[in-house]
Amino acid sequence: MADFKVTELDPELDFSNLAYWDVVIIGAGPAGLTAGLTTAHRALTTLIIEAKDKPGGQPQFLYADKRIVDIPGFPDGITGDELSERVYRQAVDAFVQFRFNEELVSIDDTEDIEKGDTLKRVVTTNGEYLCRKVIIAVGLLHFPRKLPVLDELNTKKVYHKVPKIGDYEGEHVAVIGGGDSGLDAAVMVQQRNGHVHFIVREDEATGKADTFQRICDAGADVHLSTEVASAELEGGDLKLSLTDGATIDCELAIVQIGFLSAKDTFQRLNVRLNEDGSMAIDPYFETSRKGIFAVGDVHGDIKLVTVAWAEGIQAAIYAFKEITSPYWLNEKRLRDLKISLIGEKLASDASQLSKSQRGKSTRNG
Ligand SMILES: Cc1cc2nc3c(=O)[nH]c(=O)nc-3n(C[C@H](O)[C@H](O)[C@H](O)COP(=O)(O)OP(=O)(O)OC[C@H]3O[C@@H](n4cnc5c(N)ncnc54)[C@H](O)[C@@H]3O)c2cc1C
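So, here is what we can say about the structure in this document. Since the model is a prediction, treat every value here as computed from it, not as a measurement. Throughout this description, residue numbers start from 1 for each chain and increase along the sequence as written. Local features are withheld for residues below a pLDDT of 70 in this predicted model, meaning they are given only at 70 or higher, and side-chain atom pairs are given and counted only at 80 or more; totals for whole chains, interfaces and linings count all residues.

1. Overview of the sheet that holds strand β11 (residues 172–176)
Two strands are counted as paired when DSSP detects at least two bridges linking them. Numbering of helices and strands runs from the N terminus; a helix is a DSSP stretch of H or I covering at least four residues, while a strand is a stretch of E covering at least two. Ordered in space as β10-β17-β11-β12-β13, the 5 strands form an open sheet in which the pairing is parallel. Edge positions in the sheet fall to β10 (158–159) and β13 (221–223), since each of these pairs with one other strand and no more. Of the strand pairs in this sheet, β11 and strand β17 (residues 252–255) are connected by 4 bridges, and their pairing is parallel. Bridging across to β17, Ile176 finds its partner in Val255. Here, residue contact means that the backbone-derived C-beta atoms of the two residues sit within 7 Å. Axis definition: a line fitted to C-alpha atoms, limited for helices to the stretch in contact. Angles are taken between N-to-C directions and run from 0 to 180 degrees. Helix-sheet contacts for helix α5 (residues 180–191) involve β11, β12 (195–199) and β17, and the interaxial angle to β11 is about 170 degrees.

2. Topic: the packing of α5 against helix α6 (residues 209–217)
At their nearest, the axes of α5 and α6 sit 10 Å apart, and the two run at 35 degrees to each other. When you trace α5 past α6, the crossing you get is left-handed. Residues Leu183, Ala186, Val187 and Gln190 of α5 form the contact with α6, whose participating residues are Thr211, Phe212, Arg214 and Ile215. Classifying every residue of the contact of α5 with α6 gives 5 nonpolar, 2 polar and 1 charged. Each crossing gets its hand from how the near helix is turned against the far one by less than a right angle, where anticlockwise is left-handed and clockwise is right-handed. When residues are grouped by polarity, Ala, Val, Leu, Ile, Met, Phe, Trp, Tyr, Cys and Pro land in nonpolar, Asp, Glu, Lys and Arg in charged, and all others, Gly among them, in polar.

3. Some thoughts on the sheet that holds strand β16 (residues 247–250)
In a beta sheet, neighbouring strands pair by backbone hydrogen bonds and run either parallel or antiparallel. The 3 strands lie next to each other as β14-β15-β16, forming an open sheet whose pairing is antiparallel. Looking at the sheet topology across the chains shown, the edges are occupied by β14 (228–234) and β16. Mean inter-strand twist for the sheet, computed between neighbouring axes without regard to direction, equals 20 degrees. Sheet analysis places β14 next to strand β15 (residues 237–242), joined by 6 bridges and oriented antiparallel. Of the residues in β15, the one forming a bridge with Ala231 is Leu240.

4. Topic: the site of the ligand
Taken together, the neighbourhood of the ligand is formed by 34 residues, with Gly27, Gly29, Gly57, Gly139 and Gly296 sitting nearest. Considered class by class, the residues forming the shell around the ligand number 19 nonpolar, 9 polar and 6 charged. Contact assignment follows one rule, namely that a residue is near a molecule or strand if its backbone-placed C-beta atom lies within 6 Å of it.

5. As for the pairing of β15
Turn length for the β14-β15 hairpin, with the two strands adjacent in sequence and antiparallel, is 2 residues, and the turn residue Gly235 shows positive phi of about 55 degrees. Pairing of β15 with β16 involves 4 bridges; the strand directions are antiparallel. Within β16, the position partnered with Ser241 by the bridge is Thr247. Hairpin connection of β15 to β16: 4 residues between the antiparallel strands, including Gly245 at a positive phi of 95 degrees.

6. Description of α5
An expected span of 1.5 Å times one less than the residue number is assigned to each helix. With 12 residues, α5 should reach 16 Å at 1.5 Å per residue; the first-to-last C-alpha distance of 16 Å fits that figure. Residues of α5 that are buried make contact with β11, β12, α6 and β17. Looking one or two places after α5, you find Asn193, whose phi comes out positive at around 70 degrees.

Rendered as structure tokens:
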């Protein structure tokens, strides 16, 4: 049966007062945006949670200026930036709600039942959301975590790896992050004659103790239990105000506060993974946890925008069908199971037959 009837959400709906969401989607890349658009076009209340400050996923963050030439309908190509903006606008027009700068932490099963569905609790770095279905669309990439207070400056003075400058003679460099990568960055700056201001949120550096001692001995200014409270550009350099009251003037800042890793997220979700570490799904894009779907780069071999779109749309429609006719998916599963049982029986009969024929020919021979 064709499935193209758009039923819009009521524009008067007070999204801030919902008891629960129909669908929560994690990730505002191509897969998440199209999934959201599709559920909202079926009048399901839809929330998309995105770790970054903007929608779009890889086309926005990795190749915003590249002209993508393999999207049907755009014979002259379209940039990653424009493509992301268009799909986002379409989702906003369909009343999909968004939370940016918010990262998925876990998905818990609750004991609350609504219209036959056991509600799930999606826990993020900023809050908790009850919902009926979840669609995971977090991609597969590792992105360096950014510090919003520095990122907002939009300057080339803030790095997420040690910049290849031959000599830092006389330069002041703020290194933020007390793990091994932060310590390694500090050592590299000192080896190139730079002066390190080492800023660590915790009360001690969590990386190797002997490396920490080395950077202290080499004269770093260390600020423990401290964060960057605010930052500004002054005469082309950075001026950082710290929560311990200090102010640092520096030529550059290196942020080493870890990565946003999709694979870490998968492990926290307690879903079955394939051998290559991607998410295992059934033919309806549902993971090993009922009511949690997974689409786009998180699984499968073909990693393309159009494939992510198509999967987002399919999972959204399966989620919609489960919500509106909960037995539908079970019936389909039962049918699939019957087909696979028949297949197994045929295979077993064929193997018995060939064994008995081999037995006969050996006796006859
Ligand atoms: C350099 C490059 C060029 C490419 N060129 C093309 C091309 O020309 N044509 C083409 O079709 N495809 C191209 N691709 C592939 C295409 O970009 C991907 O297949 C597509 O982006 C996958 O979409 P997705 O939504 O599954 O994941 P993504 O685009 O990775 O989006 C995932 C989103 O989830 C967010 N997220 C991650 N973890 C969390 C979390 N814990 N909580 C909340 N949000 C989270 C991320 O910030 C991101 O916004 C290219 C890929 C690369 C790397």
